[in-house]
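# Commentary on secondary and tertiary structure
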Amino acid sequence: MDNAIGFSQASTRHANPYVVGRPLAGASAALYFGREEVFEWLAENLTGTAQPNALLLYGRRRIGKTSTLYQLVEGERGRALSHDCARPLAPAYIDLQRLAGRPTDEWLRLLAREICRRVGTSGLERSVPDSGPPGETAYAAFDRCLDRLEQTTPAGSLILLAVDEFEQIQSGIAAGTLDEAVLPFLRSQIQHRQRVAFLISGAHGLLDPFWRPITDLTARYELGPLTPEQAEALICRPVAGTLDYDAAAVAAIWQVTGGHPFLIQTLCHRLVSRMNRRGQAVIAADDVAHVIEQLTAEGVWEPAVEMAR
């Protein structure tokens with residue numbers, strides 16, 4: 001039995017730092033390991049004084065795209081870019097899932113308001129009133145918002161809009177809630193704004209022909225699994241000094257997760273819980289096998305090969 005050894009025998013209850021099913025933001029951003037190469041790509045495309053490329057970050061589901069955007073916008077990794085001496089960035093994270101199901105007029109006005117709020121420039125919320133001038137369309141209101149955003153952002157800086165779940169636009173068009181005209185309108189924003197850079201993010205579906213009018217404007221980066229060294233850091237560092245993984249356990253976790261960070265977090269979270277129940281301080285390969293068996297029996301374990309589909 002997993003609880004055969006009671007917790008009363010353990011000298012310390014181990015804090016469980018791993019995060020299951022949520023992006024790494026706020027305090028949990030410290031669990032963001034590796035990914036040096038994606039931030040090198042971002043720096044290459046966003047620093048300097050030339051007009052930056054529009055960017056596309058894509059990858060399989062739960063591979064860490066949203067966590068990467070949060071890290072860019074509010075984490076330690078993004079700080080160097082935000083404070084670039086040649087051209088500081090004013091970054092904003094925008095989640096299009098929050099706007100799902102809205103009709104076009106409401107969708108555009110809420111998106112404009114969210115952009116202004118997230119960029120955080122003083123007074124900008126007044127540029128997107130609930131009801132604009134008589135006859136003003138939502139498209140015109142959106143344009144007016146970004147015009148004012150560009151005008152009031154400090155000289156020399158660049159607004160970076162990190163737009164997550166971009167494929168929600170296609171879902172809205174297919175459902176009939178969004179006008180097809182939204183897509184060429186956004187293409188124009190991406191193509192012609194001088195002080196606004198766009199980083200769009202989503203799944204592999206963004207490579208479909210439907211998206212070519214927009215993705216043809218972008219430099220692309222596919223976010224993949226962690227390397228073995230990066231995976232080991234995610235496995236071991238969060239519990240360093242309180243819990244140990246033996247080498248066989250680390251190898252077993254790598255083998256069953258393939259470096260997928262969501263799977264690593266899920267498995268390690270359950271392993272810490274097991275150690276607390278059993279009063280142990282060293283995680284072995286047998287513990288990994290036991291937890292995998294548990295998760296599979298519960299129907300919550302999705303092997304890395306399935307996650308890739």
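In what follows, the structure referred to is the one given above.
Read on for an overview of the structure. For clarity, every value in this text was computed on a predicted model and none was experimentally measured.

The next thing to look at is empty space enclosed by the protein. Summed over the entire model, instances satisfying the criterion amount to one cavity of 30 Å³ or more. Quantified by volume, the largest cavity comes out at close to 110 Å³. Contributing to the lining of the largest cavity are 13 residues, with L111, V163, F166, L186 and F198 lying nearest its centre. Mapped onto the lining of the largest cavity, the elements with two or more residues apiece are helix 4 (104–119), strand 3 (158–164) and helix 7 (182–192). Ranked by residue count, the leading element in the lining of the largest cavity is helix 4, at three residues. Here the residues of the lining of the largest cavity sort into 13 nonpolar, no polar and no charged.

Turning next to the layout of surface pockets. Using a probe with the size of a water molecule, rolled over the atoms, empty space left in the structure can be pinpointed. As a volume, the largest pocket reaches approximately 690 Å³. Breaking the lining of the largest pocket down by element, the ones donating at least two residues are helix 2 (65–74), strand 2 (89–95) and helix 11 (261–278). Across the lining of the largest pocket, the residue classes break down as 14 nonpolar, eight polar and eleven charged. Considering only enclosed or pocket space, the second largest pocket measures out at about 160 Å³ in volume. I94, D95, R98, L99, R102, L110, L111, R113, E114 and R117 together form the lining of the second largest pocket. Listing elements by their share of the lining of the second largest pocket, those giving two or more residues are strand 2 and helix 4. For the lining of the second largest pocket, the leading source of residues is helix 4, giving five residues. Here the lining of the second largest pocket is composed, by residue class, of four nonpolar, no polar and six charged.

Parameters at a glance
Residues numbered from 1 in each chain as written. Predicted model: local features only at pLDDT ≥ 70, side-chain atom pairs only at ≥ 80, totals over all residues. Heavy atoms only, no water. 1 Å grid on protein atoms, 1.4 Å probe; cavity = no way out; pocket = protein on both sides within 12 Å on 5 of 7 lines; lining within 4 Å. Points joined across faces, edges and corners; volume = space filled by probe spheres on them. Helix = DSSP H or I, 4+ residues; strand = E, 2+ residues; numbered from the N terminus. Nonpolar A, V, L, I, M, F, W, Y, C, P; charged D, E, K, R; others polar.

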